[in-house]
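Observations on the model geometry
In case you want the letters, here they are:
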Amino acid sequence: MSQLVIDNLHVSIDDKEILKGVSLTVNEGEIHAIMGPNGNGKSTLLSAIMGHPRYEVTKGSITFDGKDVLELEVDERSKLGLFLGMQYPQEVPGVTNSDFLKSAINARRETPIGLFEFVKSMESNIEKLRMKEDLAHRFLNEGFSGGEKKRNEILQMMMLKPTFTMLDEIDSGLDIDALGLVAEVLKEEQEKRQMGLIIVSHYERFFELIKPTHTHIMIDGQIVLTSDETLVTKIDREGYDWLDIKPRETQDEHRKRIVLESCVIKELGGKK
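Note that the structure is predicted; figures quoted are calculated from it, not measured.

**Focus on the overall build of the chain**
Counting secondary structure elements, the chain contains nine helices and twelve strands. Buried residues in the chain amount to 46% of all 272 residues. Working note: accessible area of the chain is about 14400 Å², and carbon and sulfur atoms make up 50% of it.

Next up, the structure:
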């Protein structure tokens with residue numbers, strides 16, 4: 001069974017620490033929901049796992065079946081079996097969907113995929129997602145609506161067949177019908193291939209459709225609470241205030257506080 005292990009991960013952007021010791025283990029076939037207020041490190045975690053160059057890992061490790069993911073380039077992580085469905089997919093003028101996907105698939109194979117096999121697979125998946133028939137010939141995400149861009153991310157996942165899929169607010173921009181369709185396709189793919197899923201979302205509705213096996217709350221760059229799918233409902237009804245969790249000290253902060261407290265105690269002791 002494949003396993004993705006994040007251990008004590010610290011990540012900075014422009015010298016500002018965003019993740020402050022995140023540990024998470026995802027097994028093949030599990031569905032992990034990550035929730036939390038905006039700006040607390042959820043997207044940073046997914047981007048760091050995938051290898052976005054802006055995010056600097058300053059401490060900790062990421063391993064995939066024992067392999068050091070941090071030693072790999074982005075394309076190597078993808079070939080290993082990681083996939084990130086982005087919150088804001090980029091437009092790539094001049095590159096068609098079909099050319100992009102065929103190149104990505106061939107990068108994972110010793111021999112190129114046959115044209116008939118590729119066309120049959122792409123047409124079948126486009127039909128499942130109820131996308132426009134001319135999708136293959138359109139430039140990647142150019143002129144797409146928000147919902148089309150998100151479904152196109154799912155199409156890429158279906159074609160590339162990753163072992164672990166990370167989805168960053170894939171449900172935003174989808175209307176109610178498209179939301180149900182994407183969830184249905186995700187469940188089918190996850191069950192068929194026992195794919196591991198890490199899903200960042202704010203909405204209970206999406207997690208009602210694709211129920212997580214684990215739910216994590218991230219606040220101030222740390223996972224502060226882990227439970228099952230019932231935690232999603234509680235967050236939807238009560239928000240995050242009930243947690244009343246203060247960010248944990250880093251080792252340096254703890255050391256400085258202890259030194260300061262020791263100095264105060266000595267000073268008070270000397271006055272007696």
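Continuing now.
**Quick notes on helix α5 (residues 146-160)**
Taking 1.5 Å of rise per residue, 15 residues should cover 21 Å, and α5 covers 22 Å from first to last C-alpha, within 8% of that figure. Most of α5 sits out of view: 14 of its 15 residues are buried.

**Comments concerning a negative patch on the surface**
Taken together, the side chains of Glu123, Glu127, Glu133 and Asp134 present a region of like negative charge at the surface. Tracing the sequence through the fold places Glu133 in the loop between α4 (115-128) and β8 (139-140). What makes Glu133 exposed here is its relative accessible area of 77%.

**Focus: the nonpolar core**
One finds Ile154, Leu186 and Phe206 to be the most contacted residues of the largest nonpolar core, which totals 45 residues. Among the elements that take part in this core, helix α6 (residues 176-193) stands out by supplying seven residues, more than any other. With sequence-adjacent residues up to four places away left out, Ile154 is seen in contact with Leu129, Leu167, Ile170, Val182, Val185 and Leu186. In terms of nonpolar packing, the next biggest core, distinct from the first, is built from 28 residues, Leu9, Leu24, Leu45 and Met50 among them.

**Some remarks on the sheet that holds strand β11 (residues 214-219)**
Where strands meet in a sheet, backbone hydrogen bonds hold them as pairs that are either parallel or antiparallel. Here we have six strands laid out as an open sheet, ordered β6-β9-β10-β3-β11-β12, and mixed in their pairing. Two strands lie at the open edges of the sheet, namely β6 (82-85) and β12 (222-227), each paired on one side alone. Between one strand axis and the next, the sheet turns through 20° on average, direction left out of account. Here four bridges tie strand β3 (residues 31-35) to β11, and the two strands are oriented parallel to one another. Paired with Ile34 across the strands is His216, a residue of β11.

**A closer look at the pattern of salt bridges**
Enumeration according to the criterion identifies twelve salt bridges in this entry. For the salt bridge of Arg54 with Asp14, the shortest nitrogen-to-oxygen distance reads 3.7 Å. Taken together, the residues Arg54 in the loop between α1 (42-50) and β4 (56-64) and Asp14 in the loop between β1 (3-13) and β2 (16-27) connect sequence positions 40 residues apart. Linked through salt bridges whose partners overlap, the residues forming this network are Lys132, Arg138 and Glu148.

**A word on the pairing of β3**
A large share of β3 lies buried, amounting to five of its five residues. Residues Ile31, Ala33 and Met35 of β3 are buried on one face, and the alternating residues His32 and Ile34, pointing to the opposite face, are buried as well. Across four bridges, the pairing between β3 and strand β10 (residues 196-200) is parallel. By the bridge assignment, His32 is partnered in β10 with Ile198.

Calculation notes
- Residues numbered from 1 in each chain as written.
- Predicted model: local features only at pLDDT ≥ 70, side-chain atom pairs only at ≥ 80, totals over all residues.
- Heavy atoms only, no water.
- Helix = DSSP H or I, 4+ residues; strand = E, 2+ residues; numbered from the N terminus.
- Buried < 20%, exposed > 50% of the residue type's maximum accessible area, 1.4 Å probe, protein only.
- Areas by Shrake-Rupley, 256 points an atom, 1.4 Å probe, with all protein chains shown as cover.
- Expected span 1.5 Å × (residues − 1).
- Patch = residues over 30% accessible without salt bridge, like charges linked within 9 Å, V, L, I, M, F, W, Y side chains within 5 Å.
- Salt bridge = Lys/Arg side-chain N within 4 Å of Asp/Glu carboxyl O.
- Lys, Arg positive; Asp, Glu negative; His and termini not counted.
- Charge placed at Lys NZ, Arg CZ, Asp CG, Glu CD.
- Core = buried A, V, L, I, M, F, W, Y, C linked by side-chain atoms within 4.5 Å.
- Contact = heavy atoms within 4.5 Å.
- Pairing = 2+ DSSP bridges.
- Axes fitted to C-alpha atoms, helices over the stretch in contact; angles between N-to-C directions.

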